[in-house]
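Listed here are the chains, written in short residue letters.
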Amino acid sequence: MITLKHLSKVYRTTEIETVALRDINLEVAAGEFIAVMGPSGCGKSTFLNIVGMLDSPTVGEYWFGAQNIAGRTETELSGIRKNSIGFVFQSFNLIDELTVTENVELALLYHSDISRTERKDRVQTALDRVKIGHRARHMPQQLSGGQQQRVAIARAVVSKPKLILADEPTGNLDSVNGEEVMQLLTELNGAGTTVVMVTHSHAHAEYAHRIVNLLDGAVVTENIRRIL
Amino acid sequence: MFNHYLITALRNFARYKLYSFINVAGLSVGLTCAIFIALFLRDELSYDKWIPGSANLYRVELTFQMPGRPAWPLATAPFPLLQAMQNEIPEVKTTAHLVPESKTVAVGNRQFAETVAVVDPNFLQVIKLPLVSGDSATVFAHPESIVLSQSTARKYFGNADPLGKIVTVTGSGIMCDRSDTMCIAAAHPLTVTGVLRDLPPNTHLAADLLLPNSSAADELAKGFRDKAWTSTNGSYDYVELVPGAEPQAVLAKLTSILDRTVGPDGLEGMRVSQLEKYHLTPFWDVHLTSDNLGGMTPPGSWTTVHGFAIIGLLILVVACFNFMNLATARATLRAREISLRKVVGATRSQLIVQFLGEALLMTLLSLAIALALVEILLPIYDSFLNRSITFNYLSDWSFLAATVACAITAGALSGVYPALVLSGFRPAAVLKTSTASQTGSGILRSALVVAQFSVSIGLGIAAIVVFSQIRFARNMDLGFKRDGVVILRGITALLPSASEGFAQALRSNPKIADVAFSNGVPFDLFNVSNTPVQIQGKTQAFSAHIVDISPDFPSLYGMRLLAGRMLSRKHGQDTFEFYPFYSLPPDSDVDIGRNVLINEAAAHRFGYTAEEAVGKTIAGGRNGRVTIAGVLGNSMLDGVKESILPAVYVDFPERYTLLSIRIHSGEVAKTLAYIDKTWHSFVPSSAIQRYLLNDTFDGLFKADEKQGVLFGLFVGIAISISCLGLFGVAAFTAERRTKEIGIRKVFGARTRDVVRLLLWQFSIPVLIANAVAWPIAYYYLHRWLEGYAYRISLNPLYFIGAGAAALVIAWVTIVSHALRVAQSNPIRALRYE
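What counts and what doesn't
Residues numbered from 1 in each chain as written. Chains lettered and ligands numbered in written order. Predicted model: local features only at pLDDT ≥ 70, side-chain atom pairs only at ≥ 80, totals over all residues. Heavy atoms only, no water. Pairing = 2+ DSSP bridges. Helix = DSSP H or I, 4+ residues; strand = E, 2+ residues; numbered from the N terminus. Axes fitted to C-alpha atoms, helices over the stretch in contact; angles between N-to-C directions. Contact = heavy atoms within 4.5 Å. Buried < 20%, exposed > 50% of the residue type's maximum accessible area, 1.4 Å probe, protein only. Phe/Tyr/Trp six-rings, centres within 6.5 Å; stacked < 30°, edge-to-face > 60°. Lys NZ or Arg CZ within 6 Å of the ring centre and 35° of its normal. Salt bridge = Lys/Arg side-chain N within 4 Å of Asp/Glu carboxyl O. Buried area = accessible area lost by both parts, 1.4 Å probe. Polar contact = N/O pair within 3.5 Å; in protein donor to acceptor, adjacent residues only side chain to side chain.

Enquirer: I keep staring at the sheet that holds strand E10 (residues 218-224) of chain A and nothing clicks. Help me out?
Expert: Strands pair in a sheet through their backbones, by hydrogen bonds, and they do so in one of two ways: parallel or antiparallel. Residues and elements named next belong to chain A. The strand order across the open sheet built from six strands is E6-E7-E8-E3-E9-E10, with neighbouring strands paired in mixed fashion. Bordering the open sheet on either side are strand E6 (85-89) and E10, each of which pairs with just one other strand. Ignoring strand direction, the axes of neighbouring strands in this sheet form an average angle of 20 degrees. Relative to strand E7 (residues 163-167), E6 runs parallel, the two sharing five bridges. Opposite phenylalanine 87, over in E7, you have leucine 165 as the bridge partner. Docked against the sheet, helix H5 (residues 145-157) engages E6 and E7, running at close to 170 degrees with respect to E6.

Printed below as a string of structure tokens:
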């Protein structure tokens, strides 16, 4: 599903050049669960941003399915993103002014082909799936961290993406809530969604099929934990 | 999607109440100002356009170009001009005169002093003023008829139908031969044949009573009507041109007409076309383009129209800058939301639409508040401007639509930059940390604050200068004493034999210090003529006022005698029996030996000091030769805006039209009542017309003072809006620097060090604003002051004062935030991130 070939990312200012990713070659199969690990500053977030088409590589190729992502306009990328990728963040990133339902619905608002009725149905389904339907009218400030992350996951899956990118999804949660989130991600993966997760937690990395270790912007090891 | 955007916008407004309030307040006030100014401009531009069939009407205006003095533009023109134009210029379709005359109107046993518009019988067919009763084609068919305005008819007859009623009109006797007692006391019964709808304020015409000049009540002598080509005597001349006619082509044909009328001998060798230049002012433009002397109503000016339009625009711009600044400064608060929207697939254009929509929503809300404020404040505004400006949403739907369109445009323009900034967030940088770095250009934000304060400081300097100029003009030494002087008009209604008796009767009252006759008084030289004069034997001539005064006039007004002596009835040669310089019969030398006074300006123009001028002979007019008996100090009889002109003072009792009465202070009402009673006993058929000289003096400054007050108001509004914005930006900036300030405090910074730091940050834009505003203000104010003959200089303190005030106001605005942040616990500050 994802193919990265000789992909590098360099940040340049007038005085400093920082190599965030260095000659990455990686393939992620459809339905795979990948955990990306490494020390702080090794390029994990940069890696995720490029895979999520929120940033573009300096050199190299990025193929998403059969589509070459290089050279695409922002409008094209946002189109691919909204149809194919869901995001889960460490700090949840819910919009404080919107209710739980409205936060989840946000992911469908920019799909002009989805009717209002269908939108409502899908939002309800997503909320039920993460077992947060009883808080549908609450504001994010009224929820616990674990509940907020479940809402974020509902938002990520409501558009039925092929890929979920999770950037330290359990980083702000206690162990119980963290386990709940990992169970959800595993269930989603089991249903066929590809998951790429950045994490510092070895325990949570064990949920993945494969662990990719980054160091100084490069892939140093890949450990297969489970068979796809 | 629209619902979603609306809900998001409203919840954001509610969440950030302070910033929403600041934005809405600033925009509302800015829009309110702009609407008030637009209403004023609409009123100014609407003058006379409501009169049907007036598109091809023009007012003929004369400018005298006399040797040795600046051009003298008048709102009037010679009476005989129109007939000649009608006869000889085919482009002239029709003409009409209007000559205001002072009259006493008696209804039963009540008397009213009125100004009556004496008009050609076809006047209402040329200038189609609306009649409530009567037919414009026939109201003046009978000469002894009169048309009253609705309010005048109510004043005279209450609710009774005025048509067919009789009013008796007595003139001022100004055109009567002074020995013709029948003429002076003549009372003319006139029949009311029509009622005119009250003229609205937006017209340059003043006409509450109209009577035809075919009536015996018209005092304008036939000789004047037919032959007076070099004076106007208050005649307003209107022409209607055929459609498509070019005014310049019409004026070009006047030269030959003019030069046939009066030969060069009568004008000391000048042709009439050299002395007189004419202008055809479009009827609709008379109010705004005519700064000529002697308009019927106070004129407006294009300078005022343009000036207020610019001010309205500037205030709106200041309010819009507020919005832009606050929206971009606070953009980081919405960074996460914006990034998420991009992550879930929103394009940049969709985000721009969202934020532009929020800007427009805020603008429409502000507009609703502004319209409410306009409704509430409109009566006060009207009262201040002395107008009746209205704003009816239904009947003024086009104005309302234009207002909404302008507000939407302003909202859209203000919202574009913040929308571009907000929609430009890169989600990758934001979503990891849920924070964003500084949004938008800090330089642009500072530039907006600079622009706002430049406008405020510029207007502040203008307000200081306007008020200073007014105060200077009010306190100038006028060269005469104006306090405690009552002016009586219409003295010509007194029989000549009764004039001295009347004056004695007044002097017998111990509260009356002195009385003096004249044909001109300070600020009213309407009846004063001008004649080229020169020292006998020298060639250089210049035009001088010829002011008729009784010998006690200079002492009544406290005018200084610089050299020689005052005029006196004890010296027989001090009094003229014929009009000075134009002796009758022609070519005789009756002036020889007669004495006059001159002012210091005339002595200077002659090339003499005051002492040297005494005893010299002045030649002028047809064959006049008079001797200078004394030289008076300069007096600003023309008012404070004009330079002092040369003047010759002569004692010619036949031409007295005014009486000046100096009264002692205390019991003024009783003294005035005595004057009224004495007048009535001498002239029972004529209503008294009197006023206090100081009221006229105050009236000279009314327009300027109102402008000054409006300036001050606009300054206050502009500064308030700027400070609102500064308050919001300062609050936000202070919050953003919380971590930095915490670190500074940990390392030993005191509260005052932190406060100084924050105050300095916002002082820089204000100081730069001074550098921008000062040269622009200097340039325009210097030009404005050049319109005053006597003026202040642009003192640097005006600029420094305005700039310092702006700086202090800015500090006061932001010091609360600075103190709050400076006094916060550094631990809490360091936990901020």
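Enquirer: Even after reading the chapter, I still don't get the pairing of strand E10 (residues 236-241) of chain B, so can you show me in this structure?
Expert: Residues and elements named next belong to chain B. Burial of E10 is extensive: six of the six residues sit out of reach of the surface. Of the two faces of E10, the one lined by Tyr236, Tyr238 and Glu240 and the one lined by Asp237, Val239 and Leu241 are each fully buried. As paired strands, strand E1 (residues 57-64) and E10 are joined by four bridges and run antiparallel to one another. Its bridge partner being in E10, arginine 59 is matched across the sheet by tyrosine 238. Relative to E10, strand E3 (residues 92-107) runs antiparallel, the two sharing six bridges. Paired with threonine 95 across the two strands is valine 239, which belongs to E10.

Enquirer: Please explain the packing of aromatic side chains as it appears in this structure.
Expert: Within a pair of aromatic rings, the relevant descriptors are the distance that separates the centres and the angle that separates the planes. Residue and element names in this part refer to chain B. Evaluated as defined, the whole model comprises 23 aromatic pairs over all chains. Look at phenylalanine 36 and tyrosine 381: their rings are 4.4 Å apart centre to centre, the planes differ by 40 degrees, and that puts the pair in the tilted class. Taken together, the residues span a long stretch of sequence, with phenylalanine 36 in helix H2 (residues 17-45) and tyrosine 381 in helix H14 (residues 348-385) at a distance of 345 residues. For the pair phenylalanine 36 and tyrosine 381, a shared accessibility class is recorded, and that class is buried. Centroid distance phenylalanine 480 to tyrosine 557: 6.0 Å. Interplanar angle 85 degrees. Geometry classified as edge-to-face. Placement of phenylalanine 480 in the loop between helix H17 (442-474) and strand E12 (485-488) and of tyrosine 557 in the loop between helix H19 (553-556) and strand E16 (561-564) is noted, with a sequence separation of 77 residues between them. The same class applies to phenylalanine 480 and to tyrosine 557, which are both buried. The ring of phenylalanine 399 has arginine 42 lying over it, and the distance from NZ or CZ to the ring centre is 4.7 Å.

Enquirer: Would you mind going over the pattern of salt bridges with me for this structure?
Expert: Oppositely charged side chains can form a pair if their charged atoms are brought close together. Applying the stated rule across the entire model yields 42 salt bridges over all chains. Two residues, A:Glu17 and A:Arg12, come together in a salt bridge whose shortest N-O distance is 2.8 Å. Take A:Arg12: its relative accessible area is 57%, and that puts it in the exposed class. Put simply, A:Asp96, A:Glu97, B:Arg15 and B:Arg336 are held in one network by salt bridges that share partners.

Enquirer: Sorry if this is basic, but what is going on with the interface of chain B and chain A here?
Expert: You'll often see interface size given as the accessible area lost when the parts meet. In this assembly, 27 residues from chain B lie in contact with 27 residues from chain A. Between chain B and chain A lies a buried interface of about 2,500 Å² when both sides are counted; carbon and sulfur atoms form 54% of it. Across the contact surface, chain B and chain A share four salt bridges. Here B:Arg15 makes a salt bridge to A:Asp96, at a shortest N to O gap of 3.6 Å. Linking chain B with chain A are seven residue pairs in polar contact (both at pLDDT 80 or more).

Enquirer: Can you walk me through the environment of B:Phe453 in this structure?
Expert: All names here are of chain B. For phenylalanine 453, the position within the fold is in helix H17. Residue phenylalanine 453 is classed as buried on the basis of its relative accessible area, which comes to 0%. Residues phenylalanine 453 and isoleucine 721, spaced 268 residues apart in sequence, show a C-alpha to C-alpha distance of 9.8 Å.

Enquirer: Mind showing me how you'd approach unusual backbone geometry here?
Expert: One can expect most non-glycine residues to show negative phi and most peptide bonds to be in trans. All names here are of chain A. With a phi close to 60 degrees, methionine 53 is a non-glycine residue in the positive phi region. Residue position: methionine 53 is located in the loop between helix H1 (44-51) and strand E4 (59-64). Judged by relative accessible area, which is 3%, methionine 53 ranks as buried. Although it is not a glycine, phenylalanine 92 adopts a positive phi angle of roughly 65 degrees. Within the secondary structure, phenylalanine 92 is located in the loop between E6 and helix H3 (100-109). Exposure remark for phenylalanine 92: the relative accessible area of 9% places this residue in the buried category.

Purely spatial values, then, with no claim about function.
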